[in-house]
Amino acid sequence: MKDCELLTKCLYFNDKLKNMPTASEMVKKMYCRWHYEECARYRVAMVLGTEYVPPDLFPPEAERADKLLVQFCHTR
Ligand code: SF4
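No experiment lies behind these values; they were computed from the predicted model shown.

Caption draft 1: Local environment of the site of the ligand. In the region of the ligand, 13 residues are neighbours, and Cys4, Cys10, Cys32, Cys39 and Tyr42 sit closest. At the level of elements, α1 (24-34) and α2 (40-48) are the ones that each hand at least two residues to the shell around the ligand. Tallied by class, the residues present in the shell around the ligand amount to twelve nonpolar, no polar and one charged.

Caption draft 2: Examining the packing of α2 against helix α3 (residues 62-75) more closely. Taken N-terminus to C-terminus, the directions of α2 and α3 make an angle of 15 degrees; their axes are 8 Å apart at the nearest point. If you check the angle between α2 and α3, you find them roughly parallel. Between α2 and α3 lies a crossing of right-handed hand. For the pair α2 and α3, the contacting residues are Ala40, Arg43, Val44, Val47 and Leu48 in the first and Ala62, Ala65, Asp66, Leu68, Leu69 and Phe72 in the second. For the contact of α2 with α3, the residue count by class is nine nonpolar, no polar and two charged.

Caption draft 3: Geometry of the environment of arginine 33. Looking at the secondary structure, you find arginine 33 in helix α1. Spatially, the C-alpha atom of arginine 33 lies 20 Å from that of alanine 65, the residues being 32 residues apart in sequence. Those residues in contact with arginine 33, other than ones at most four positions away along the chain, are Met1, Lys2, Asp3, Leu7, Phe13 and Lys28.

Parameters at a glance
- Residues numbered from 1 in each chain as written.
- Predicted model: local features only at pLDDT ≥ 70, side-chain atom pairs only at ≥ 80, totals over all residues.
- Heavy atoms only, no water.
- Near = heavy atom within 4 Å.
- Helix = DSSP H or I, 4+ residues; strand = E, 2+ residues; numbered from the N terminus.
- Nonpolar A, V, L, I, M, F, W, Y, C, P; charged D, E, K, R; others polar.
- Axes fitted to C-alpha atoms, helices over the stretch in contact; angles between N-to-C directions.
- Parallel < 35°, antiparallel > 145°, perpendicular 65-115°, else oblique.
- Left-handed = near helix turned anticlockwise from the far one by under 90°.
- Contact = heavy atoms within 4.5 Å.

Structure below.
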């Protein structure tokens, strides 16, 4: 297990998002510290760039990340 490489600048990890869920500390442990490859924010950042990660995208939103990535593929 390895920390996510985006940890220091990630808005979610650094509590900069509005409406942070109450379970965010557990989510941070699950995703940011253990399984960052499955994080919706990480996946979008790796393909589109960190500037294209929606500010309100939360780590477990895999389907939303999939839609964003599919949309990106169709616009290229
Ligand atoms: S795992 Fe996701 S939420 Fe956590 S630091 Fe990385 S990009 Fe941010």
